[in-house]
Amino acid sequence: MYAVADAHVDALWRMVTAGGDLEPALASSPERLRQGGVALQVFALYASAGLPPHAQWDQVLEELDYYYAAFVAQAGVTPVVSAADLSAGAKTGLRGVLALEGAGCLAGQTWRLRTLHRLGVRGLGLTWNWANDLADGCLEARGAGLTSRGREVIREARRLGMWVDLAHLSEAGIRDVFRMLDGPVMASHANARSVHPHPRNLTDDVLREVFARGGFVGVTFEASFVTAERSPGPAALFRHIDHMLSLGGEDNVGFGSDFDGLSRPLPGLATAADYAAFARQIAARYGHALAEKLLIGNLMRFLRSALPSADLRDSSSP
Ligand SMILES: [Zn+2]
């Protein structure tokens, strides 16, 4: 079986909204992740964007509790908080990394970001699809970029050693992030807009810039981000991968499935267990060496460069 690393699932949000204790029904349950050959999973902390900030904060903390209770303690997922955690120990086993998807829960307060960092959160996405106090999301009609609070939160995230995620952010917000930061950034779950014109997908200019910086883009399985076809086959997804490769993404492209957050999954890609067959299709199309990069190598390389080399606990002092 091929080993896989995936940059985005919503299992923790699914558990919270379903009242918890529904782990076997999850598309990205630990069992299904293992069946699919997933060796590393980035777990999103998504708070329902319509809730007020204090309710979002509660939801994120509840998701953190599910992560540590159900995934880490019960299912044996190994938490990753530093690059050292990616090289230490055996190559087998399922590892987890936490990333915030939409930072409205912070209410613009960097102490909340430091608190999440102390609890193991290493990725920061500023928005979901709409505006919050930090930036506009990609569906916000006015299309504004970062606010001054948004810049402050990004500066604190970088000081702590967290990576910035461009998924869901407005184009102006993405350009602001590029101007603020020199280093690699991630777009955890997004496809190519020139292949399928959806506002959640990334323009060629943005894709080229992410690749040139040594960043990472996770191709995602939400059918409405992939194609207008009614029952698409794997070829529809391959078109996005091929296009990103043609823009220079050989060392930067991987997958961010969005399992447990999909409203319309692609046929044959409904749960993490489907990665087992999908990985064989990727290998048949792209050959072993490139398939290994797409399936696991590129995300692992990004995380090794984006995560702090060791877990420096005193780095989160204000
Ligand atoms: Zn999302």
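Computed from a predicted structure; not experimentally measured.

Comments concerning the overall build of the chain
Across its full length, the chain carries 11 helices and nine strands. Computed over the C-alpha atoms, the radius of gyration of the chain is 18 Å, within 12% of the 20 Å expected from 2.2 N^0.38 for a compact globule of 318 residues. In terms of overall dimensions, the chain has C-alpha extents of about 50 × 45 × 35 Å along its principal axes. Taken across its 318 residues, the chain has 58% of its residues classed as buried. Contacts spanning at least 24 positions in sequence make up 73% of the contacts within the chain whose residues lie at least 6 apart. Entry remark: accessible area of the chain is about 12200 Å², with carbon and sulfur atoms responsible for 52%. Between the mean site of the 30 positive side-chain charges and the mean site of the 34 negative ones, the chain shows a separation of 4 Å.

Notes on the packing of helix 3 (residues 53-74) against helix 5 (residues 110-118)
The N-to-C vectors of helix 3 and helix 5 enclose an angle of 10°; their axes lie 12 Å apart at closest approach. Overall, the two elements helix 3 and helix 5 adopt an arrangement that is roughly parallel. Of the residues in helix 5, those in contact with Trp57, Val60, Leu61 and Leu64 of helix 3 are Trp111, Arg112, Thr115 and Leu116. Its residues placed into classes, the contact of helix 3 with helix 5 shows six nonpolar, one polar and one charged.

Quick notes on the coordination of the zinc ion
At this site the zinc ion is bound by Glu101 (OE), His168 (NE2) and His189 (NE2), with donor distances of 2.0 to 2.2 Å. Along the chain, the residues donating to the zinc ion fall in the pattern E-x66-H-x20-H. Of this pair, glutamate 101 sits in strand 4 (residues 95-101) while histidine 168 sits in the loop between strand 6 (163-165) and helix 7 (171-180), and the two are 67 residues apart along the sequence. Each member of the pair, glutamate 101 as well as histidine 168, is classed as buried.

Some details on the packing of aromatic side chains
Enumeration over the complete set of coordinates arrives at 17 aromatic pairs. Look at tryptophan 57 and tryptophan 111: their rings are 6.0 Å apart centre to centre, the planes differ by 75°, and that puts the pair in the edge-to-face class. Pair noted here: tryptophan 57 is in helix 3 and tryptophan 111 is in helix 5, with a separation of 54 residues, a long-range link. Assessed through its relative accessible area of 11%, tryptophan 57 is described here as buried. Ring centres of phenylalanine 255 and tyrosine 275 lie 6.4 Å apart, and the angle between their planes is 65°; this geometry places the pair in the edge-to-face category. Here the residue phenylalanine 255 occupies a position in strand 9 (residues 253-255), and tyrosine 275 occupies one in helix 11 (residues 275-306), the gap between them amounting to 20 residues. Given a relative accessible area of 1%, phenylalanine 255 falls into the buried group. Through successive ring pairs, a cluster of aromatic residues spans Phe221, Phe255, Phe259, Tyr275 and Phe278. If you follow arginine 112 out to its NZ or CZ, it ends over the ring of tryptophan 57, 5.4 Å from the centre.

The rules we used
- Residues numbered from 1 in each chain as written.
- Predicted model: local features only at pLDDT ≥ 70, side-chain atom pairs only at ≥ 80, totals over all residues.
- Heavy atoms only, no water.
- Helix = DSSP H or I, 4+ residues; strand = E, 2+ residues; numbered from the N terminus.
- Rg over C-alpha atoms; globule rule 2.2 N^0.38 Å.
- Buried < 20%, exposed > 50% of the residue type's maximum accessible area, 1.4 Å probe, protein only.
- Contact = heavy atoms within 4.5 Å.
- Areas by Shrake-Rupley, 256 points an atom, 1.4 Å probe, with all protein chains shown as cover.
- Lys, Arg positive; Asp, Glu negative; His and termini not counted.
- Charge placed at Lys NZ, Arg CZ, Asp CG, Glu CD.
- Axes fitted to C-alpha atoms, helices over the stretch in contact; angles between N-to-C directions.
- Parallel < 35°, antiparallel > 145°, perpendicular 65-115°, else oblique.
- Nonpolar A, V, L, I, M, F, W, Y, C, P; charged D, E, K, R; others polar.
- Donors = N, O, S within 2.8 Å, 3.2 Å for Na, K, Ca; no water.
- Phe/Tyr/Trp six-rings, centres within 6.5 Å; stacked < 30°, edge-to-face > 60°.
- Lys NZ or Arg CZ within 6 Å of the ring centre and 35° of its normal.

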